[in-house]
Amino acid sequence: MVLGTPDLYAAWLLPPILSIFRRAFPRIQVELRCVLSTPLVGLVKRGEVDIALVTGMNNFTGGMVVYQEPLVWITAPDSDAHVETPVPLAVLPPGNIYRDHAIAGLERAGCPWRIACVSENVGGLQAAVFAGMAVTVLCRSALVAGLRELEPQGNFPPLANVEILLYKSSVTRSRAATALHDYLDHYLRLRVMPDVAGPLDSVAAAE
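All residue numbers refer to position in the chain's written sequence, counted from 1. Local features in this predicted model are restricted to residues whose pLDDT is 70 or higher, and side-chain atom pairs enter the listing and the counts only when it is 80 or higher, whereas totals over whole chains, interfaces and linings include all residues. Hydrogens and waters are ignored; side-chain quantities use all the structure's heavy atoms.

Moving on to the pattern of salt bridges. Definition used for salt bridges: Asp or Glu carboxyl oxygen within 4 Å of a side-chain nitrogen of Lys or Arg. Tallying each qualifying case throughout the model produces four salt bridges. Here Arg33 and Glu31 are joined by a salt bridge, their closest N and O atoms 3.0 Å apart. Burial status follows relative accessibility: with a 1.4 Å probe on protein chains alone, a residue under 20% of its type maximum counts as buried, one over 50% as exposed, and anything between as partly exposed. Among the residues examined, Arg33 registers a relative accessible area of 29% and is labelled partly exposed. According to the relative accessible area criterion, Glu31 is partly exposed, its value standing at 39%. Arg140 is the partner of Glu149 in a salt bridge, and the nearest nitrogen-oxygen pair spans 2.9 Å. Taking relative accessible area as the criterion, Arg140 reaches 38% and is therefore assigned partly exposed.

Following this line, the structure appears as structure tokens:
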């Protein structure tokens, strides 16, 4: 069974849930595949990925909203990148909603900007920000130690929430995939990561 998600969610959202799932169903093998959201939706619709947890994009159809996360402006504590003109940005590739919100926010504020870093993974964006090369826009959960959130003001307006969507391939008939889908849906909607799995009758027969 293949579970696909961008690297940010693999690092932040999934570990507690996958740990719970493995304890409940130790014989089910999960392959975790880290891919950007747009190609992942195509993979899950073609049946190459069984379950996908992705960032909701404007052109996506289907999928269930299971979580919402605020977007924030992020810089390094001692960086002056946010006062440079034009503002240097670290962004994901074109077509990603984080990138779109960053550029749209600066343009609404009338603030000149330039692309300083393009990365397909969040680690690359964080590295550019750590180095003082750029400002980025990510969900607040990507605000790791050594980075700081820029308060919305002036050139950096408030940003929207992003929706995190859960997809299950219509091609798969795997009970294991259904079990994992139900676990992700259940625990993400709770907005908490409990230490032990609660009762989920719909997945009890997955093994």
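Attention now goes to empty space enclosed by the protein. Grid points spaced at 1 Å over the protein atoms alone were grouped into cavities, where a 1.4 Å probe fits but cannot get out, and pockets, open sets with protein on both sides within 12 Å along at least five of seven lines, with lining residues defined by an atom within 4 Å of a point. Grid points are joined across faces, edges and corners, and a volume is the space filled by probe spheres set on the points. Throughout the structure, instances matching the rule amount to one cavity of 30 Å³ or more. Lining the largest cavity, in full, are Pro6, Asp7, Leu8, Tyr9, Leu36, Ser37, Thr55, Leu92, Asn96, Tyr98, Glu120 and Val122. Helix and strand definitions follow DSSP, with helices as H or I runs of at least four residues and strands as E runs of at least two, each counted in order from the N terminus. Among the elements that take part in the lining of the largest cavity, helix 1 (residues 7–12) stands out by supplying three residues, more than any other. Residue type decides the class: Asp, Glu, Lys and Arg count as charged, Ala, Val, Leu, Ile, Met, Phe, Trp, Tyr, Cys and Pro as nonpolar, and the leftover types, Gly among them, as polar. In the lining of the largest cavity, the residues fall into seven nonpolar, three polar and two charged.

What follows concerns the packing of aromatic side chains. Note on aromatic contacts: the rings of Phe and Tyr and the six-membered ring of Trp form a pair at centre separations within 6.5 Å, being stacked when their planes are under 30 degrees apart, edge-to-face when over 60 apart, and tilted otherwise. Inspection of every chain in the model, using the stated rule, returns seven aromatic pairs. For the ring pair Phe21 and Phe25, a centre distance of 5.1 Å and an interplane angle of 50° mean the geometry is tilted. The same class applies to Phe21 as to Phe25, namely buried. With centroids separated by 5.8 Å and ring planes inclined at 75°, the aromatic side chains of Phe25 and Tyr183 adopt a geometry described as edge-to-face. Here Phe25 is found in the loop between helix 2 (14–24) and strand 2 (31–34), whereas its partner Tyr183 is found in helix 6 (residues 175–190), with 158 residues between them in sequence. Residues Phe25 and Tyr183 agree in their burial class; the two are buried. Members of the aromatic cluster, each reached through a chain of ring pairs, are Phe21, Phe25, Tyr183 and Tyr187.

Note on terminology: pairs of cysteine sulfur atoms within 2.5 Å are recorded as disulfides. Across all of its chains, the model carries zero disulfides by this definition. Residue Cys117 stays outside any disulfide, its sulfur separated by 17 Å from that of Cys139, the closest cysteine. Among the cysteines around Cys139, which has no disulfide bond, Cys34 carries the closest sulfur, lying 14 Å off.

Shape is all these values report; function is a separate question.
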